[in-house]
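Coordinates in review
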Amino acid sequence: MDLEARAHSEHPEALRLWLRLLTCTQLIEKQVRTGLRERFDTTLPRFDLMAQLERHPEGLKMKELSHRLMVTGGNITGITDQLVTEGLVERLEVEGDRRAWRVRLTPHGHAQFAAMAQQHEAWIVQAFDGLQTREVEQLHRLLGKVKRHQQRSGSEDGSSAGA
């Protein structure tokens, strides 16, 4: 049973909507994970790490990667070790800090990530094929309103609402 099926008509509509959003997210993520594994023999965490490095050609420190991906340094180290072994990323010393390493994509890593990113985009577009263009735009606009409301609410009570 998925999350959405747990809600009943007596629950507030907002709760039922939240559970539907979670269910849709889980279903799409499952398809992406399966596609990455079957097509590229990789995982979503590896894809996400490479995506961060693609946005920063100069590379990122391991601590920055950990923060951006919201995982422990140990997780980043394990993924990075695998990607270094496969020649997709390289570790560089950080000048002035002998304990820190900067990680960046290799040319092979750039090429591999470009292929994965193109396919990833196609999977996401396909996930929304059941909607017309105007419906996708409307959903995007409405979720933007929810996001802005949460950001305002988070700043009013002193908590961090995130992006």
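Residues numbered from 1 in each chain as written. Predicted model: local features only at pLDDT ≥ 70, side-chain atom pairs only at ≥ 80, totals over all residues. Heavy atoms only, no water.

With respect to a positive patch on the surface
On the surface, Lys145, Lys147, Arg148 and Arg152 cluster together into a positively charged patch. Looking at where Arg148 falls in the secondary structure, it is placed in helix α6 (residues 133–156). On the accessibility criterion, Arg148 (43% relative accessible area) is partly exposed. (Patch = residues over 30% accessible without salt bridge, like charges linked within 9 Å, V, L, I, M, F, W, Y side chains within 5 Å. Areas by Shrake-Rupley, 256 points an atom, 1.4 Å probe, with all protein chains shown as cover. Salt bridge = Lys/Arg side-chain N within 4 Å of Asp/Glu carboxyl O. Lys, Arg positive; Asp, Glu negative; His and termini not counted. Charge placed at Lys NZ, Arg CZ, Asp CG, Glu CD. Helix = DSSP H or I, 4+ residues; strand = E, 2+ residues; numbered from the N terminus. Buried < 20%, exposed > 50% of the residue type's maximum accessible area, 1.4 Å probe, protein only.)

Considering the packing of helix α2 (residues 44–55) against helix α5 (residues 107–127)
Interhelical geometry of α2 versus α5 gives an angle of 110 degrees and a closest axis separation of 10 Å. Viewed along their axes, α2 and α5 adopt a mutual orientation that is roughly perpendicular. For α2 against α5, the interelement crossing comes out left-handed. Of the residues in α5, those touching α2 at Phe47, Met50, Ala51 and Glu54 are Gly109, His110, Phe113, Met116, Ala117 and His120. (Axes fitted to C-alpha atoms, helices over the stretch in contact; angles between N-to-C directions. Parallel < 35°, antiparallel > 145°, perpendicular 65-115°, else oblique. Left-handed = near helix turned anticlockwise from the far one by under 90°. Contact = heavy atoms within 4.5 Å.)

Regarding the sheet that holds strand β2 (residues 89–94)
Reading across the sheet, the three strands line up as β1-β3-β2 and stay open at both edges, with antiparallel pairing between neighbours. Of all the strands in the sheet, just β1 (60–61) and β2 have a single pairing partner and so form its edges. Examined bridge by bridge, β1 and strand β3 (residues 97–105) share two bridges and lie antiparallel to one another. Bridging from a neighbouring strand, Lys61 pairs with Arg102 of β3. (Pairing = 2+ DSSP bridges.)

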